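Listed here are the chains, written in short residue letters.
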Amino acid sequence: KVDSDNHRFYKGQILYSKIRPLLNKVTIAPYDGLCSADMYPISTIENTEYVMYYMLSEAFLSSVKNIVADRVKMPKINQDELKNTDFVIPPFSEQQVIVDYLKDKTLKIEQYVSARERERELLDSLKQSEIANVVTKGLNSNVRMKDSGIPWIGMIPEHWETRTLSQMARVHFISNKNVHHQNLLSLSYGKIVCKDINTTEGLLPASFDNYQIVEDGNIVLRLTDLQNDHKSLRVGLSTQEGIITSAYLAIEAFTGILPKYLYFLLHSIDVKKVFYSMGNGLRQSLNWTELRKLKCIVPPILEQQAIVDYIEAKLSKIDSCMADLQAEIDYLKEFKQRLISDVVTGQICVAKPQRG
């Protein structure tokens, strides 16, 4: 039974998200409470944990896909559709055996996944630390140092300079209005990535005339909504020409400043959350007028190149290890999904059949 007259749920009920149901968001409520109208609290006369596992299976997901296949923008599943979805229900005693088996196996898989995710997080932390250290201290540990006067940087090599960002780069803005460039780019997790301009997924404008053109070597910063989002990476380096929303700030490095060095420097500033102390307004946004005052450091150009080469070589090794860990994590999650599907549909038999 789907309970939706109000948004109250009770401990032990299944909670199922009706929005974008192909994401298969299903859980069992650990306590009483209130939920969003986008969640269905579900009660069942069967073993609740078995039903929850079945709703996580590929068999159930396939049924949902058939229902929402033509709902491309923001698919939803309604109560009647959910109630009429087919379930495979074994005898009650077998349901408990299946639940016990899956709880044991999935717990072990989740423990493996958690361990690999912690390893990946440690490697990412090492990566950020390595970038910040080299980009602000250089490669020569024996060089004489001086105080940069910049709190988040501290000591720097004595022969390095301090400058404002406006002495290192300028705003780069070319409107797409009369160009109609079609290579759509986006800043995602600190990387500039390509998007399908013809996609029906997500929110895209009817026209891209208000977008801006960015070029290879431009640095893109997303400096809006600083107040509410302290997790995102907000700096990316473009390695191609394309268009990106004008809500972002694009800058280009002056001669004598390597774009990749400036990107690594701004990335370190981003990771250290320096931007969050600079924004203003209700949603705390940051524009060029304020950002241009940001104090930065500048090594000689030959050292900039050496730092970039060192970081790229180091990151290549770390990123390779992180990719291997991610592949293992993805495999384990896929294996867990397949195991649940096979067990609840009887492809893998874990309960002995009852004799009549």
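Because the structure is predicted, anything quoted here is derived from the model rather than measured.

Caption draft 1: Examining the packing of aromatic side chains more closely. With the rule as written, the count across this model stands at eight aromatic pairs. Ring geometry for Y263 versus F264: centroids 5.3 Å apart, planes at 50°, classification tilted. A centroid spacing of 6.3 Å and a plane angle of 20° characterise the contact between Y331 and F335, whose relative ring orientation is stacked. With Y331 and F335 both in helix α7 (residues 301–344) and four residues apart, this pair spans about one turn of that helix.

Caption draft 2: Seen up close, unusual backbone geometry. A positive phi angle, close to 50°, is found at Y189, a residue other than glycine. Since its relative accessible area comes to 75%, Y189 is described here as exposed. The phi dihedral of K273 falls on the positive side, at around 60°, and the residue is not glycine. Secondary-structure assignment places K273 in the loop between α5 (259–271) and α6 (288–291).

Caption draft 3: Spotlight on the layout of surface pockets. Its boundaries defined by the atoms lining it, the largest pocket holds a volume of some 810 Å³. As for the largest pocket, its lining consists of 29 residues, and the residues nearest its centre are D124, K127, Y189, K191 and D319. Elements represented by at least two residues in the lining of the largest pocket include exactly α4 (92–137), β11 (191–195), α5 and α7. Its residues placed into classes, the lining of the largest pocket shows eleven nonpolar, eight polar and ten charged.

Reading the values: rules and limits
- Residue numbers run consecutively from 1 along every chain, following the written order of its sequence.
- Reporting of local features is limited, given that this is a predicted model, to residues whose pLDDT is at least 70; pairs of side-chain atoms are given and counted only at 80 or more, and all residues count toward the totals for whole chains, interfaces and linings.
- Water and hydrogen atoms play no part in the side-chain values, which are based on all heavy atoms of the structure.
- Whether two aromatic rings pair depends on their centres lying within 6.5 Å, for rings of Phe, Tyr and Trp, where Trp uses its six-membered ring; planes under 30 degrees apart make the pair stacked, over 60 edge-to-face, and the rest tilted.
- A run of H or I in DSSP counts as a helix once it spans at least four residues, and a run of E counts as a strand once it spans at least two, with each numbered from the N terminus.
- Using a 1.4 Å probe on the protein chains alone, a residue whose accessible area is under 20% of its type maximum counts as buried, one over 50% counts as exposed, and one in between counts as partly exposed.
- Cavities and pockets were defined on a 1 Å grid built from protein atoms only: a cavity is a group of points that admits a 1.4 Å probe but offers it no way out, a pocket is an open group of points flanked by protein on both sides within 12 Å along at least five of seven lines, and a lining residue is one with an atom within 4 Å of any such point.
- Grid points are joined across faces, edges and corners, and a volume is the space filled by probe spheres set on the points.
- Residue classes follow a fixed rule: Ala, Val, Leu, Ile, Met, Phe, Trp, Tyr, Cys and Pro count as nonpolar, while Asp, Glu, Lys and Arg count as charged, and any other residue, Gly among them, counts as polar.

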